[in-house]
Amino acid sequence: METKDAILELRNRLNMSQDEFAEKLFVTRQAVSRWENGDTIPNTNTLKLIAKTFNISVDQLLGYPAGLCQSCGMALEHDSDKGTEQDGSKSEEFCAFCYQQGKFTQDITMEEIIELNLQALDEWNKAAGLQLTEQEARIQLRQFLPTLKRWRAVSPSENI
């Protein structure tokens, strides 16, 4: 996705006019229009301001897809989704639910993470337009989780 598309998608998702979006960023409506048409790209400081103002990563504004938490698989779409490293900086690998201050928030097995994820099955099915059964979702999670960094070298019954 290009930056112009990412900005337009963000503004539409926020249900804001170009004027309202521009006002929040202290720029003109014409500047927003030029970004969305691909005539120009916001400068680095403006990209940082957009990211901070609307709680989205600069990477997403540049068209890179959101990363996934390397523990539970949650999309890291916003800075608030990201956990923190020991120095307080945002983690690019783990979500806020799994990782804080450079440590995992819970000693948990892969099977326990699967069961926690299954608690949100109805929400996932609705959001994705799916109708997975609990057993189908469990199978998919058992295949997917071992691809994540936290679980790569761990058997399903081991804690990390």
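Fair warning: this is a prediction, and the values are worked out from it, not measured in the lab.

Peer 1: I keep staring at the overall build of the chain and nothing clicks. Help me out?
Peer 2: Secondary structure summary: the chain contains eight helices and six strands in total. Sequence-ordered secondary structure for the chain, helices as α and strands as β, is α-α-α-α-α-β-β-β-β-β-β-α-α-α. C-alpha atoms of the chain, sized along the principal axes, occupy 55 × 40 × 20 Å. Every one of the 160 residues in the chain was classed for burial, and the buried ones make up 38%. Long-range pairs, those at least 24 residues apart, make up 44% of the contacts in the chain with a sequence separation of at least 6. Summed over all atoms, the accessible surface of the chain reaches about 9800 Å², with 49% contributed by carbon and sulfur.

Peer 1: Would you mind going over the confidence of the model for the chain with me for this structure?
Peer 2: Detail in the predicted coordinates should be disregarded across regions flagged by low pLDDT. Looking at the chain as a whole, its pLDDT mean stands at 86, while 93% of the residues score no less than 70. Within the chain, the lowest mean pLDDT, 78, falls on helix H5 (residues 58-61), and the highest, 96, falls on strand E5 (residues 99-100). This model gives residues 155-160 a pLDDT under 50, and the stretch forms 19 contacts once residues within four places in sequence are excluded.

Peer 1: Please clarify how the nonpolar core should be interpreted in this entry.
Peer 2: Across soluble globular proteins, nonpolar side chains have a tendency to be buried as a group. In this structure, Cys 69, Cys 72, Cys 95, Ile 113, Ile 114, Leu 145 and Trp 151 are the most contacted members of the largest nonpolar core, which totals 18 residues. Among the secondary structure elements, those contributing two or more residues to this core are strand E4 (90-95), helix H6 (110-118) and helix H8 (134-144). Broken down by element, this core gets its largest block of residues, four residues, from H6. When sequence neighbours within four positions are dropped, the list of residues in contact with Ile 114 reads Arg 138, Leu 141, Arg 142 and Leu 145. Leu 10, Ala 22, Ile 56 and Leu 61 belong to the second-largest nonpolar core, a separate cluster that totals 15 residues.

Peer 1: Could you clarify how one ought to interpret the pattern of salt bridges in this entry?
Peer 2: Opposite charge on two side chains permits them to pair, given that their charged atoms come into close proximity. One pass over the full model with this rule turns up seven salt bridges. Glu 111 serves as the salt-bridge partner of Arg 142, at 3.0 Å between the closest nitrogen and oxygen. Residue Arg 142 is found in helix H8, and its partner Glu 111 is found in helix H6; the two are separated by 31 residues along the sequence. The class for Glu 111 is partly exposed, based on a relative accessible area of 24%.

Peer 1: Looking at this structure, how should I read the environment of Leu 118?
Peer 2: As for its position among the elements, Leu 118 is in helix H6. Through-space distance from the C-alpha of Leu 118 to that of Arg 13 is 27 Å; in sequence the pair is 105 residues apart. The contact partners of Leu 118, leaving out residues within four places of it in the chain, are Glu 134, Ala 137, Arg 138 and Leu 141.

Peer 1: Please clarify how unusual backbone geometry should be interpreted in this entry.
Peer 2: A negative phi angle characterises most non-glycine residues, just as the trans form characterises most peptide bonds. Despite not being glycine, Asn 15 shows a phi value in the positive range, around 55 degrees. Of note, Asn 15 is situated in the loop between helix H1 (3-13) and helix H2 (18-25). Positive phi outside glycine occurs at Gln 101, with the angle close to 55 degrees. Following the sequence through the fold, Gln 101 ends up in the loop between E5 and strand E6 (103-104). Gln 101 gets classed as exposed once you look at its relative accessible area, which sits at 60%.

Peer 1: Please explain helix H4 (residues 44-54) as it appears in this structure.
Peer 2: The α-helix winds at 3.6 residues per turn, so residues separated by three or four positions along the chain end up facing the same way. Among the residues of H4, Thr 46, Leu 47, Ile 50, Ala 51 and Phe 54 are the ones counted as buried. Each buried residue of H4 lies within a common arc of 140 degrees when the element is viewed along its axis, so the set occupies one face. Across from the buried face of H4, at angles greater than 90 degrees, the exposed residues are Thr 44, Asn 45 and Lys 52. Where H4 is buried, its residues meet H1, H2, helix H3 (29-37) and H5. The distance from a side-chain oxygen at the start of H4 to the backbone nitrogen of Asn 45 is 3.1 Å, and the residue carrying that oxygen is Asn 43. Downstream of H4 by a residue or two, Asn 55 has a phi angle that is positive, lying close to 55 degrees.

Conventions and cut-offs
Sequence order sets the numbering: in each chain, residues are counted from 1 along the sequence as written. The predicted origin of the model limits local features to residues at a pLDDT of at least 70 and limits the giving and counting of side-chain atom pairs to 80 or more, whereas totals for whole chains, interfaces and linings rest on all residues. Each side-chain value is derived from all of the structure's non-hydrogen atoms; neither hydrogens nor water enter the calculation. Here a helix means four or more residues in a row that DSSP labels H or I, a strand means two or more in a row labelled E, and each is numbered from the N terminus. Three exposure classes are used, based on accessible area relative to the maximum for each residue type with a 1.4 Å probe and protein chains only: buried under 20%, partly exposed in between, and exposed over 50%. We call two residues in contact whenever any of their non-hydrogen atoms come within 4.5 Å of each other. Using the Shrake-Rupley algorithm and a 1.4 Å probe, accessible areas are obtained, with residue cover drawn only from the displayed protein chains. Confidence of the predictor at the level of single residues is given by pLDDT, which spans 0 to 100. Definition used in this section: a nonpolar core is a set of buried Ala, Val, Leu, Ile, Met, Phe, Trp, Tyr and Cys residues joined via side-chain atoms within 4.5 Å. Salt-bridge detection follows one rule: a side-chain nitrogen of Lys or Arg within 4 Å of a carboxyl oxygen of Asp or Glu. Taking the helix axis as origin, the arc is that swept by the directions to the C-beta atoms. Polar contacts here mean pairs of N or O atoms no more than 3.5 Å apart (in protein, one a potential hydrogen donor and the other a potential acceptor; neighbouring residues in sequence count only if both atoms are side-chain atoms).

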